[in-house]
Amino acid sequence: MVTACIVLLYISYAIPVTCLLIRGRDSIPHGPFWLGKFGLFANIVLLLWTVFTLVMYSFPVVMPVLPGSEFLFPLLSVHLLSPPPIFVSPPPSSSTRLLYTSLHTIM
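Residues numbered from 1 in each chain as written. Predicted model: local features only at pLDDT ≥ 70, side-chain atom pairs only at ≥ 80, totals over all residues. Heavy atoms only, no water.

**Quick notes on the confidence of the model for the protein chain**
The predicted structure's coordinates, where accompanied by low pLDDT, should not be read in detail. Threshold: On a range of 0 to 100, pLDDT expresses the predictor's confidence in each residue. The numbering of helices and of strands both runs from the N terminus, where a helix is a DSSP run of H or I of at least 4 residues and a strand a run of E of at least 2.
In this model, the protein chain carries a mean pLDDT of 74, and residues with pLDDT of at least 70 account for 54%. Of all helices and strands in the protein chain, the one with the weakest mean pLDDT is helix α4 (residues 94-106) (54), whereas helix α2 (residues 37-56) scores best (89).

**A short note on the environment of L40**
Selection rule: Throughout, exposure labels follow a simple rule: accessible area from a 1.4 Å probe, protein chains only, divided by the maximum for the residue type, with under 20% read as buried, over 50% as exposed, and the rest as partly exposed. Residues count as neighbours in contact if any of their non-hydrogen atoms are within 4.5 Å of one another.
In this fold, L40 is placed in helix α2. Overall, the relative accessible area of 35% leaves L40 in the partly exposed class. The spatial distance from the C-alpha of L40 to the C-alpha of R25 is 8.1 Å, given a sequence separation of 15 residues. Apart from residues no more than four positions distant in its own chain, L40 is found in contact with L21 and R25.

**Describing α2**
What counts here: A helix's residues, less one, multiplied by 1.5 Å, set its expected span. What the arc measures is the spread of directions leading from the helix axis to the C-beta atoms.
When the terminal C-alpha atoms of α2 are compared, their 29 Å separation across 20 residues agrees well with the 28 Å that a helix rising 1.5 Å per residue should span. Here α2 has its buried residues at G39, N43, T50 and T53. For α2, the buried positions fall inside an angular range of 95° around the axis, keeping them on one side. Exposed residues on α2 whose side chains face more than 90 degrees from its buried face are K37, F38, F41, L48 and V51.

**Describing the side chain of N43**
When you line up the elements, N43 lands in helix α2. Taking relative accessible area as the criterion, N43 reaches 12% and is therefore assigned buried. In this view, N43 contacts V17, L20, L21 and R25; residues no more than four positions away in its chain are not counted.

**Things to note about the packing of aromatic side chains**
Selection criterion: In this analysis, rings of Phe, Tyr and Trp, with Trp reduced to its six-membered ring, are considered paired at centre separations within 6.5 Å, and the interplanar angle assigns stacked below 30 degrees, edge-to-face beyond 60, and tilted for intermediate values.
Taken as a whole, this structure holds two aromatic pairs when the rule is applied. Ring centres of F38 and F41 lie 6.2 Å apart, and the angle between their planes is 35°; this geometry places the pair in the tilted category. Here the residue F38 and the residue F41 both occupy positions in helix α2, the gap between them amounting to three residues, near one helical turn. Note on accessibility: F38 and F41 belong to one class, exposed. With centroids separated by 5.3 Å and ring planes inclined at 35°, the aromatic side chains of W49 and F52 adopt a geometry described as tilted.

So this is what it looks like as structure tokens:
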């Protein structure tokens, strides 16, 4: 689980950097520690390092992987990085409306 903490920490660093690069580095006011082109290089290195650690820390710690020593971080990372499902509810039926109105009048 220590590996998951390390990689999730890297991902939490990479999220604002990704947003900064997508939006544009010149769209924010420059502060006293603005690094210019070196800052862009540092941002890209951070994103590449995050991808590298995500891949390298996804390997199991010991081989062979047994049922008691399975490594669940790859499954966790796929779950966390996948887009959320979009649920579309069906239109309410007459029985649902009747139940809602009866519950609404009781409360």
